[in-house]
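Chain residues, written in single-letter form:
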Amino acid sequence: MKAKSLSMIVGAACCAMMISCAQQVQNTKSEKLTVGNPYLPLWEHIPDGEPYVFDDPDNPGKQRVYIYGSHDDLISAYCGRDQVVWSAPVEDLSQWRYDGEILVVDKNAKGEPFDSAGTADVLYAPDVTLVTDSTGKKTYYLFPNDQTGFRNGLIAKSDRPDGPFEVCNWKDDDPNQVTGIYGFDPAVFVDDDGKIYGYWGFGHCNAAEIDPATMCTVKPGTKMVDGMIGGFEEPNGGDFRFFEASSIRKIKDKYVFIYSRFTKDGEFGLPTSNYTLAYCYSDQPLGPWTYGGTIIDGRGREINEQGDTIASAVPDGNTHGSICEINGQWYVFYHRQTGTDEYARQAMVAPITVKVKEGKGGWVDISEGEYNSEGFALNGLDPFERHSAGIACWLTGPKPSIHEWPNNTFFGSYVEASYGGEEGMTKEEAIASKAKYDAPYDLRYNTNRVVNNTDGSIVGYKYFNFDEDALDEDENLMLVVNLIPEGIDGTIEVWMDRPWESQGGKQIGKTELKADMDKTVWKAAIGISKEAQENWLAGKHAIFFVFKSDTKDKSLCTLLDLVFTFDE
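Residues numbered from 1 in each chain as written. Predicted model: local features only at pLDDT ≥ 70, side-chain atom pairs only at ≥ 80, totals over all residues. Heavy atoms only, no water.

Moving on, we get to the pairing of strand S21 (residues 329-337). The buried fraction of S21 is high, at eight of nine residues. Taken together, the five bridges between strand S20 (residues 322-326) and S21 define a ladder with antiparallel strand orientation. Bridge pairing in S21 links isoleucine 323 to valine 332. Pairing analysis gives eight bridges linking S21 to strand S22 (residues 345-352), with the strands arranged antiparallel. (Buried < 20%, exposed > 50% of the residue type's maximum accessible area, 1.4 Å probe, protein only. Helix = DSSP H or I, 4+ residues; strand = E, 2+ residues; numbered from the N terminus. Pairing = 2+ DSSP bridges.)

This is how it looks when you write it as structure tokens:
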């Protein structure tokens, strides 16, 4: 469908300095939507991501970051019946590659289907660990949280980090069952001395030293630790308030346990939520543990114009992830919710700092990551490359959204779930379509729409980095937004840094929407004020869209994508 110029409709308003006018816009750098945050293609739904740096088996001397997670493709339920892996070279974290399906559990130990329909097990959050034997041979073990009752403790192994993995703990006396102690959200860790430890639990945290001969049973002569840290509903919960999502890392001489934590009601100025990742640390792999704090809050905590703490993103949900050091920089990996329920989650990342005081009684200090749009682009996204509207990290409405598990009710802007199909496809058809794998970041597939942009809604992006030399142009700076009008009179204001003047924000552009505009794709060319171009924008800044209309509770438009450019 051919895009029209929004400025043709609003030309009569051009006398206002920052209203869009009819202007010819230059071609952008690329017809692809570049990598932001989420960092995987926006049609791919990989929650519960465990990041690991492993040697690249196909390029000796090189390393890649591998993401192991669930696969949300059931549409109306968590996760899926397969697990896949994505990876990127450590030297370029914008080049993520689909490495394929690594595990499907649809047959028993004899290779027979479990049922006449050949139904595969639903697999929840996995972990991976590497065992290297005395000869140097590497074996990768995958620990999926198999949701079939008698296969919960299933494990699989491979000689490559990208699989495929094969189940390796079938019971000798029953081809349909597996042996082992792992429960919900297992995490498994090989220590420097070769000892192996496992962690799991849902509301109640368990851990044990693992028998290396089986990789799934308690080591003979040791006992399981029942209640390693306090659960959120347990009398000894304290500040730990463990919910799920066990993950374990060793940093120098300290053991760091990362998990999903239920906040206390009123903590941080918000209602209780398990949409946070927290950590604790110890001198020993099984404790005792000291509570550390929050690593990431999926609600995107912010302060509004009245000084109140708000959720600038989805108000509640679940999260799961971990931390990883890549080229000397630490990151927290987690996931966010899209759509109106918890079944279309996307992989997210944020930079953090990690400090350790070594020695007995030392400590670990991990900074809280910021919920952002830039992901691995630590200096900010390039504003002159096209970006999907769906990488927005600030999405608020005229009143707070409501979470009633598993659904969210939005009164303002939110990110619509997408599955990378062609126009007219159902969700199921889009998931099944393979074309997107050949061009995962192509504009045809790699986009999330931002919908329900009602009066009082704010959509924000952190951050874009405006090169000072690039801004030093005679041409006027434009913000070109592809959008679909929805038959409502209103305006979209463009702000930088903050969406309110009282907090130091500056309005730098504005465009109008008219009720009689065709409900088709329009190219809104929003003029950016010359003062902003010459004096304010150089460097790293957040950009916000503020929606205003006399018509309440109806969406002004749907946002598709955006790019800064210059008129000719």
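Moving on from the coordinates now.
What follows covers a negative patch on the surface. Residues Asp467, Glu468, Asp469, Asp472, Glu473, Asp474, Glu531 and Glu534 make up a contiguous surface patch of negative charge. Those elements that provide at least two residues to the negative patch are helix H3 (468-471) and helix H4 (530-536). Along the polypeptide, glutamate 473 turns up in the loop between H3 and strand S32 (477-485). (Patch = residues over 30% accessible without salt bridge, like charges linked within 9 Å, V, L, I, M, F, W, Y side chains within 5 Å. Areas by Shrake-Rupley, 256 points an atom, 1.4 Å probe, with all protein chains shown as cover. Salt bridge = Lys/Arg side-chain N within 4 Å of Asp/Glu carboxyl O. Lys, Arg positive; Asp, Glu negative; His and termini not counted. Charge placed at Lys NZ, Arg CZ, Asp CG, Glu CD.)

With that settled, the discussion passes to the packing of aromatic side chains. Evaluation of the coordinates by the stated rule reveals 44 aromatic pairs. Taken together, a centroid distance of 6.5 Å and an interplanar angle of 80° make the contact between tyrosine 78 and tyrosine 124 edge-to-face. Of this pair, tyrosine 78 sits in the loop between strand S3 (63-68) and strand S4 (83-89) while tyrosine 124 sits in strand S6 (residues 123-132), placing them 46 residues apart in sequence. On the basis of relative accessible area, tyrosine 78 is assigned to the buried category, the value being 15%. Centre to centre, the rings of tryptophan 394 and phenylalanine 544 are 5.3 Å apart; their planes meet at 85°, and the pair counts as edge-to-face. With tryptophan 394 in strand S26 (residues 394-396) and phenylalanine 544 in strand S36 (residues 539-548), this residue pair connects regions lying 150 residues apart in the sequence. When sorted by exposure, tryptophan 394 lands in the same class as phenylalanine 544, which is buried. Within the aromatic cluster, the residues linked to one another by ring pairs are Tyr78, Tyr124, Phe184, Phe202, Phe232, Phe243, Phe262 and Tyr343. (Phe/Tyr/Trp six-rings, centres within 6.5 Å; stacked < 30°, edge-to-face > 60°.)

Turning next to the sheet that holds strand S5 (residues 97-103). If you trace the four strands from one edge of the open sheet to the other, you get S2-S3-S4-S5, paired in antiparallel fashion. If you trace the sheet from one side to the other, it starts and ends with strand S2 (50-55) and S5, each paired once. Adjacent strand axes in the sheet meet at a mean angle of 30° when their direction is disregarded. (Axes fitted to C-alpha atoms, helices over the stretch in contact; angles between N-to-C directions.)

Next up on the list: the confidence of the model for the protein chain. For the protein chain, mean pLDDT is 93; residues scoring 70 or higher make up 94% of the total. Low pLDDT (under 50) marks residues 1-30, which in the prediction has 72 contacts with non-local residues, meaning those over four places away or in another chain. (pLDDT = per-residue confidence, 0-100. Contact = heavy atoms within 4.5 Å.)

Strand order in the open sheet formed by four strands is S14-S15-S16-S17, and the pairing between neighbours is antiparallel. Only two strands of the sheet have a single neighbouring strand rather than two, namely strand S14 (242-251) and strand S17 (290-297). Along the sheet, successive strands turn relative to each other by an average axial angle of 25°, direction set aside. Alignment of strand S15 (residues 254-261) against strand S16 (residues 276-282), held across seven bridges, turns out to be antiparallel. The residue bridging tyrosine 259 from the neighbouring strand is alanine 278, located in S16.

Of all six residues in strand S12 (residues 205-210), six are buried, a share of seventy percent or more. Direction of pairing for strand S11 (residues 196-201) relative to S12: antiparallel, over a ladder of six bridges. Bridging across to S12, glycine 201 finds its partner in cysteine 205. Here S11 folds back onto S12 in antiparallel fashion, the turn holding three residues, of which glycine 203 has a positive phi close to 80°. Sheet topology places S12 next to strand S13 (residues 225-226); two bridges connect them, and they run antiparallel.

Across all of its chains, the model carries 28 salt bridges by this definition. In this structure, lysine 548 engages glutamate 493 in a salt bridge whose closest nitrogen and oxygen atoms are separated by 3.2 Å. A residue pair is termed long-range when its members are at least 10 positions apart, and lysine 548 in strand S36 and glutamate 493 in strand S33 (residues 490-496) qualify at 55 residues. With a relative accessible area of 40%, lysine 548 lands in the partly exposed category. A residue is classified by how much of its surface remains accessible, and glutamate 493, at 7% relative accessible area, is buried. Among the ionic pairs, lysine 514 bridges to glutamate 512, the shortest N-O distance being 3.4 Å. Classification of lysine 514 by relative accessible area gives partly exposed; the value is 32%. Here the salt bridges do not stand alone but share partners, grouping Asp297, Arg299, Arg301 and Glu368 into one network.

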